[in-house]
Amino acid sequence: MDYSTIRYDVADGIATITLSRPEKMNAFTNRMMAEMIDAFDAIDADDAIRAVIVTGERRAFCAGADLTPDGGGGPFSSDDPVTDLSDARVRDGGGLLTLRIFQCKKPVIGAINGAAVGIGVTMQLPMDMRLASTSARFGFVFARRGIVPEAASSWFLPRLVGQQQALEWCMTGRVFGADEALAGGLVRSVHSPEELMPAAIALAREIIDNTAPVSVALTRAMLWRIPSAPHPMHAHRVDSRAIYTRSRSGDAAEGISSFLEKRAAVYPDRVASDMPEFYPWWDEPGYE
């Protein structure tokens, strides 16, 4: 796919997706959704990529849905009339994106450089860590636009910040700064604008330089998916299978040898080819 709304760069094991509609504060469109999904497909297919950073161009991260899309039509959903709400045309574009990020096998870091409201904030929720610039602003503004939270944020947000904080931010719809986002648990850390990307890169490098990619992929899936299971036995089943299979892997042998020899590890296993047979352990639900 030729990208017109994002920039996609890969360097030193890090893929950087930059939302790139600066004339509209990187406002979200269906084209941007499709391009971001395509980029995440490329990321998962490339074993040379070990981590992802998502950021915005110039002064905004993403100012929400484009309320005046170039192609016309409504900004929030399809204009097609349907009688069956299970029709695929009803599906929320923000949710298609967040579900794809959720399914990613690589760690995803958000570098939130400016305004991030509506889908600009909800698309961040399935990212594993979010770093914010002091100039960042956040807002779950849906109730102030006569709609509701989207992009599966009613699932993601309470898990990240707790039910009370999620309810307050979504019911008031107010826009708040980076310090409140940090205090509420939405972001990991706050940085000056010039230090934001270096901090995000340093975090990505800490993962890349010290960990086994298959272990990270499994850990990401375990920590995102298991906490919603109804009983810890679900975790025990997955833990047991993961420990058993990984302990017999080349990665585990290299992890032990490198530790004993006091050298950097060179892990042989690859995400594209060496995930254990029990992965995935879940059935991906369809849209109904």
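Below, the structure is looked at part by part. Since the structure is predicted, the reported quantities are computational estimates derived from the model, not experimental observations.

### Things to note about the side chain of Lys106
Here is step 1 of the chain: Of note, Lys106 is situated in the loop between helix 2 (93-102) and strand 5 (108-112).
Here is step 2 of the chain: For the buried Lys106, no salt bridge exists, and the shortest N-O distance to an oppositely charged side chain is 4.9 Å, to Asp47.
Here is step 3 of the chain: In this structure the side chain of Lys106 is engaged in a polar contact, spanning 2.9 Å, whose partner is the backbone oxygen of Asp46.
Here is step 4 of the chain: For Lys106, the contacting residues outside a window of four places in its chain are Ile43, Asp44, Asp46, Asp47, Ile49, Arg50, Val52, Asp128, Arg220 and Val271.

### Some points on the pairing of strand 5
Here is step 1 of the chain: In terms of burial, strand 5 is a largely internal element, five of the five residues being buried.
Here is step 2 of the chain: Alternating residues of strand 5 divide into Val108, Gly110 and Ile112 and Ile109 and Ala111, and every residue in both groups is buried.
Here is step 3 of the chain: One ladder, built from three bridges, connects strand 3 (residues 51-56) with strand 5; its direction is parallel. Paired with Val54 across the bridge in strand 5 is Gly110.
Here is step 4 of the chain: Summarising the sheet, strand 5 and strand 7 (residues 129-133) pair through four bridges and their orientation is parallel. Within strand 7, the position partnered with Ala111 by the bridge is Leu131.

### What about the pattern of salt bridges?
Here is step 1 of the chain: Taken as a whole and assessed by the stated rule, the structure comprises 16 salt bridges.
Here is step 2 of the chain: As a salt-bridge pair, Glu168 and Arg174 come within 2.7 Å of each other at their nearest N and O atoms.
Here is step 3 of the chain: With a relative accessible area of 24%, Arg174 lands in the partly exposed category.

### Quick notes on the pairing of strand 2 (residues 14-19)
Here is step 1 of the chain: For strand 2, the buried fraction is high: six of the six residues fall into the buried class.
Here is step 2 of the chain: By the bridge criterion, six bridges tie strand 1 (residues 6-11) to strand 2 in an arrangement that is antiparallel. Across the sheet, residue Ala11 finds its bridge partner in strand 2, namely Ile14.
Here is step 3 of the chain: Linkage of strand 1 to strand 2, two consecutive antiparallel strands, is achieved through a turn of two residues, within which Asp12 is found at a positive phi near 55°.
Here is step 4 of the chain: Two strands pair when backbone bridges link them, and strand 2 and strand 3 are joined in this way by six bridges, in the parallel orientation. Along strand 3, the bridge assignment pairs Ile14 with Ala51.
Here is step 5 of the chain: In this region the chain leaves strand 2, passes through helix 1 (residues 30-45) and returns to the parallel neighbour strand 3; the handedness of that crossover is right-handed.

### So, the nonpolar core
Here is step 1 of the chain: Met123, Phe138, Phe140 and Leu186 are the most contacted members of the largest nonpolar core, which has 46 residues in total.
Here is step 2 of the chain: Aside from chain neighbours lying at most four places away, what touches Phe140 is Val121, Thr122, Leu125, Leu157, Trp169, Cys170, Gly173, Arg174, Phe176 and Leu186.

### Considerations on the sheet that holds strand 6 (residues 115-117)
Within a sheet, each strand pairs with its neighbour through backbone hydrogen bonds, oriented either parallel or antiparallel.
Here is step 1 of the chain: With mixed pairing, the four strands of this open sheet are ordered in space as 4-6-8-9. Each end of this open sheet is capped by a strand with a single partner; those strands are strand 4 (60-62) and strand 9 (175-177). Adjacent strand axes in the sheet meet at a mean angle of 20°, parallel and antiparallel pairs treated alike.
Here is step 2 of the chain: Here strand 4 runs beside strand 6; their pairing, made up of two bridges, is parallel. Across the sheet, the residue bridging to Cys62 is Ala116, located in strand 6.

Cut-offs applied
- Residues numbered from 1 in each chain as written.
- Predicted model: local features only at pLDDT ≥ 70, side-chain atom pairs only at ≥ 80, totals over all residues.
- Heavy atoms only, no water.
- Helix = DSSP H or I, 4+ residues; strand = E, 2+ residues; numbered from the N terminus.
- Buried < 20%, exposed > 50% of the residue type's maximum accessible area, 1.4 Å probe, protein only.
- Lys, Arg positive; Asp, Glu negative; His and termini not counted.
- Salt bridge = Lys/Arg side-chain N within 4 Å of Asp/Glu carboxyl O.
- Polar contact = N/O pair within 3.5 Å; in protein donor to acceptor, adjacent residues only side chain to side chain.
- Contact = heavy atoms within 4.5 Å.
- Pairing = 2+ DSSP bridges.
- Right-handed = clockwise from strand over helix to strand, strands pointing away.
- Core = buried A, V, L, I, M, F, W, Y, C linked by side-chain atoms within 4.5 Å.
- Axes fitted to C-alpha atoms, helices over the stretch in contact; angles between N-to-C directions.

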